[in-house]
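Here are the chains, one letter per residue:
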Amino acid sequence: MNDYKKDIIINKPVAEVYAAITLHIADWWSNDLSGASAHKGDSFTIAFGKTQKTFNIVDVIPNSQVIWECVKAYINNPSLENKSEWVGTKMIWSLSATGQGTTLHFLHEGLNQSMECYTICEAGWDMFLASLQTYLTTGKGMPFLKKLL
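Please read these numbers as outputs of a predicted model, since none were measured by experiment.

Asker: Can you walk me through the sheet that holds strand β2 (residues 33-35) in this structure?
Answerer: Pairing between sheet strands relies on hydrogen bonds along the backbone, with the strands arranged either parallel or antiparallel. Read across the open sheet, the seven strands follow the order β1-β7-β6-β5-β4-β3-β2; overall the sheet is antiparallel. The sheet is open, and its two borders are formed by β1 (4-10) and β2, each paired with just one other strand. Adjacent strand axes in the sheet meet at a mean angle of 20 degrees, parallel and antiparallel pairs treated alike. Bridge count for β2 against strand β3 (residues 43-48) is three bridges, and the pairing is antiparallel. Bridging across to β3, serine 34 finds its partner in threonine 45. This element, helix α1 (residues 14-22), spans β1, β4 (51-61), β5 (65-74), β6 (90-98) and β7 (101-109) of the sheet and lies at about 165 degrees to β6. Against the sheet, helix α2 (residues 118-138) contacts β1, β3, β6 and β7, and its axis sits at roughly 15 degrees relative to β1.

Procedures and definitions
Residues numbered from 1 in each chain as written. Predicted model: local features only at pLDDT ≥ 70, side-chain atom pairs only at ≥ 80, totals over all residues. Heavy atoms only, no water. Pairing = 2+ DSSP bridges. Helix = DSSP H or I, 4+ residues; strand = E, 2+ residues; numbered from the N terminus. Axes fitted to C-alpha atoms, helices over the stretch in contact; angles between N-to-C directions. Contact = heavy atoms within 4.5 Å.

Put into structure tokens, the structure is as follows:
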């Protein structure tokens, strides 16, 4: 089974793309975020309503690669039997400078068509990676926004 992956070319320096995936996650993925995500050993929790995921930062090579491992997950979707499928999967963000700026190679290792949530999660990543690209090119992403009471 092929894991979810996507390559994006962004007309920005590697350092800006690296900062977006380590320091500015709330600007393109979800503003319901707590914890830290910039250094090896950091941990953060992100939520999309009742859906929540916790990640450990397992490897960091500045301006080159960041690896997150999902250590806790609850996917709030009534159609899913296994609501914690992401646990044990890794998000591998690899960056390289190109003539056009930066190539971001994203791999969600373990997210493949054998998973119940694959179709939902594939659409989610497509949307949020587009949000990341928009954030980097315009300064404003399209993250999930926590509703304030």
